[in-house]
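# Structure at a glance
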Amino acid sequence: MPRKSPRKGIIHAGGAVLRAVELDFATEHYLARKRARGAAVNTLRAYGADLADLQGYVAGHGISLLGLIAERHVQGWMDDMAARQLCARSIARRVACARQLFAHAMTEAWITHDPAATARIKFRAERVVAPETADIVRMIDAIAPIGWQALRDRALLSLMFDAALRVSEACALDVPRAFAPYTVDLVRQVVHVPDKGGGDGTVGIGDTATKRLRDWLSARTALAAERPIGSELFVSSRSGRFTRQGIALLIQRRGAAVGLDLTTHMLRHRRVGDMVERMGLDVARGMARHAHTSTTADVYGAHAAQVIHQRIREAGDPLAATGSMA
């Protein structure tokens with residue numbers, strides 16, 4: 001629990017007297033609230049790092065109280081981050097995190113205004129150019145199902161692509177067993193994963209991925225008879241849980257074998273992008289497990305634009321009705 005903040009008072013314009021709250025206390029209180037509401041560990045760690053950066057900047061200007069942070073300090077912090085050569089996306093993320101802290105502080109009546117309210121920064125999202133679905137399927141099919149590592153790789157890549165899993169979600173999966181929160185249900189053909197922002201998510205999988213998972217689980221059972229392994233669904237070469245780096249290297253190596261330059265995110269991007277084009281944003285949002293359709297549209301805007309163009313074409317040619325073909 002956050003430690004108690006000093007009970008001092010700050011007189012704001014208009015005569016309002018508010019409790020003076022230390023910035024580090026406010027940060028701990030905010031993160032504790034997020035933790036209590038199910039925020040993921042990685043999310044809390046990232047938020048903590050972003051707010052520590054803000055705290056370090058204002059401390060350099062002799063400020064430790066939350067209520068003394070003004071708009072000029074937030075603008076100065078943004079300039080400082082730019083001077084440290086942080087990219088626009090990173091600066092925008094940190095400012096958004098600070099804005100959430102200030103909103104929390106206003107709810108708690110610690111401050112009366114948001115000093116980040118006017119802070120704006122624009123950036124252009126990097127466009128992900130993922131291989132076509134046929135190329136990804138070709139890569140997976142090129143893995144001969146001989147040996148436990150090959151069976152593991154076929155099952156892992158098939159599952160990640162079919163369910164559009166994030167690499168962290170694939171790392172968290174355990175073998176099917178009672179009370180396992182994150183695992184595959186081969187009977188119902190679904191996979192239960194930890195959502196990025198906290199909580200749980202469920203995604204359906206197809207017959208091919210299900211069969212390859214069954215083949216891998218049979219090989220895994222035989223492997224467990226030879227060496228001690230834990231509850232992880234996908235076992236690394238060292239008989240431990242796969243790391244993000246381990247899966248990234250695996251995908252890079254398997255892609256290079258068929259002439260593809262692949263990253264872990266490309267599998268997810270291609271799968272969700274296909275769903276946007278074939279089924280629309282609402283269905284794709286469910287597969288991507290985004291909280292809002294607007295997020296799906298922002299990330300997969302190029303795919304969404306193709307859907308819009310196709311629907312416009314399907315609506316008919318307005319010039320054809322006038323008979324103008326010249």
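Structure shown above.
Now for a description of the structure that goes with this document.

About the thresholds
- Residues numbered from 1 in each chain as written.
- Predicted model: local features only at pLDDT ≥ 70, side-chain atom pairs only at ≥ 80, totals over all residues.
- Heavy atoms only, no water.
- Phe/Tyr/Trp six-rings, centres within 6.5 Å; stacked < 30°, edge-to-face > 60°.
- Helix = DSSP H or I, 4+ residues; strand = E, 2+ residues; numbered from the N terminus.
- Buried < 20%, exposed > 50% of the residue type's maximum accessible area, 1.4 Å probe, protein only.
- Salt bridge = Lys/Arg side-chain N within 4 Å of Asp/Glu carboxyl O.
- Expected span 1.5 Å × (residues − 1).
- Contact = heavy atoms within 4.5 Å.
- Core = buried A, V, L, I, M, F, W, Y, C linked by side-chain atoms within 4.5 Å.
- Axes fitted to C-alpha atoms, helices over the stretch in contact; angles between N-to-C directions.
- Parallel < 35°, antiparallel > 145°, perpendicular 65-115°, else oblique.
- Pairing = 2+ DSSP bridges.

Let us look at the packing of aromatic side chains. Counted according to the given criterion, the structure contains three aromatic pairs. Judged by centre distance (6.5 Å) and plane angle (10°), the ring pair of Tyr-30 and Tyr-47 falls under stacked. Of this pair, Tyr-30 sits in helix H1 (residues 23–36) while Tyr-47 sits in helix H2 (residues 41–59), and the two are 17 residues apart along the sequence. When sorted by exposure, Tyr-30 lands in the same class as Tyr-47, which is buried.

Okay, the pattern of salt bridges next. Under the criterion given, the structure shown has 20 salt bridges. Arg-93 is the partner of Asp-50 in a salt bridge, and the nearest nitrogen-oxygen pair spans 3.0 Å. Placement of Asp-50 in helix H2 and of Arg-93 in helix H4 (residues 88–107) is noted, with a sequence separation of 43 residues between them. Using a relative accessible area of 2% as the deciding quantity, one classes Asp-50 as buried. Among the residues examined, Arg-93 registers a relative accessible area of 41% and is labelled partly exposed.

Once that is clear, we can look at H2. Because the α-helix completes a turn every 3.6 residues, residues three or four places apart line up on one side. Between its first and last C-alpha, H2 extends 26 Å over 19 residues, near the 27 Å set by a 1.5 Å rise per residue. Taken as a whole, H2 has its buried residues at Thr-43, Leu-44, Tyr-47, Asp-50, Leu-51, Asp-53, Leu-54, Tyr-57 and Val-58. Packing partners of the buried residues in H2 comprise H1, helix H3 (71–83) and H4.

Leu-159, Val-191 and Phe-234 are the most contacted members of the largest nonpolar core, which has 45 residues in total. Mapped onto this core, the elements with two or more residues apiece are helix H5 (133–141), helix H6 (148–162), helix H7 (167–172), strand S4 (190–194), helix H8 (207–224), helix H9 (244–256) and helix H10 (264–279). The element that contributes the greatest number of residues to this core is H6, accounting for eight residues. Residues within four places of Phe-234 in sequence aside, it is in contact with Arg-152, Ala-155, Leu-156, Leu-159, Ala-170, Leu-173, Leu-213, Trp-216, Gly-240, Arg-241 and Phe-242. Membership of the second largest hydrophobic core comes to 31 residues, among which are Val-21, Val-58, Ile-91 and Trp-110.

Time to look at the environment of Ala-130. Topologically, Ala-130 is positioned in the loop between H4 and H5. For Ala-130 and Gly-273, which are 143 residues apart along the polypeptide, the C-alpha to C-alpha distance reads 9.4 Å. The residues contacting Ala-130, other than those within four sequence positions of it, are Met-266, His-269 and Arg-270.

Helix-helix packing: each pair is described by the crossing angle between the helix axes and the interaxial distance. Closest axis-to-axis distance for the H2/H3 pair is 10 Å, and the angle between their directions is 105°. Here H3 runs roughly perpendicular to H2, going by the angle between their axes. Contacts between H2 and H3 involve Asp-50, Asp-53, Leu-54, Tyr-57 and Val-58 from the first element and His-73, Gly-76, Trp-77, Asp-80 and Met-81 from the second.

Paired through backbone hydrogen bonds, the strands of a sheet run either parallel or antiparallel to each other. Strand order in the open sheet formed by three strands is S3-S4-S5, with antiparallel pairing between adjacent strands. Whereas interior strands pair on both sides, the edge strands pair on one side only; in this sheet they are strand S3 (184–185) and strand S5 (200–204). Here S4 runs beside S5; their pairing, made up of five bridges, is antiparallel. Of the residues in S5, the one forming a bridge with Val-191 is Val-203.

The element S4 is largely enclosed, with a buried count of four among its five residues. With two bridges connecting them, S3 and S4 associate as antiparallel partners. Residue Val-184 lies in a different strand from S4, and its bridge partner there is Val-191.

Functional significance is not addressed by these values, which are geometric in nature.
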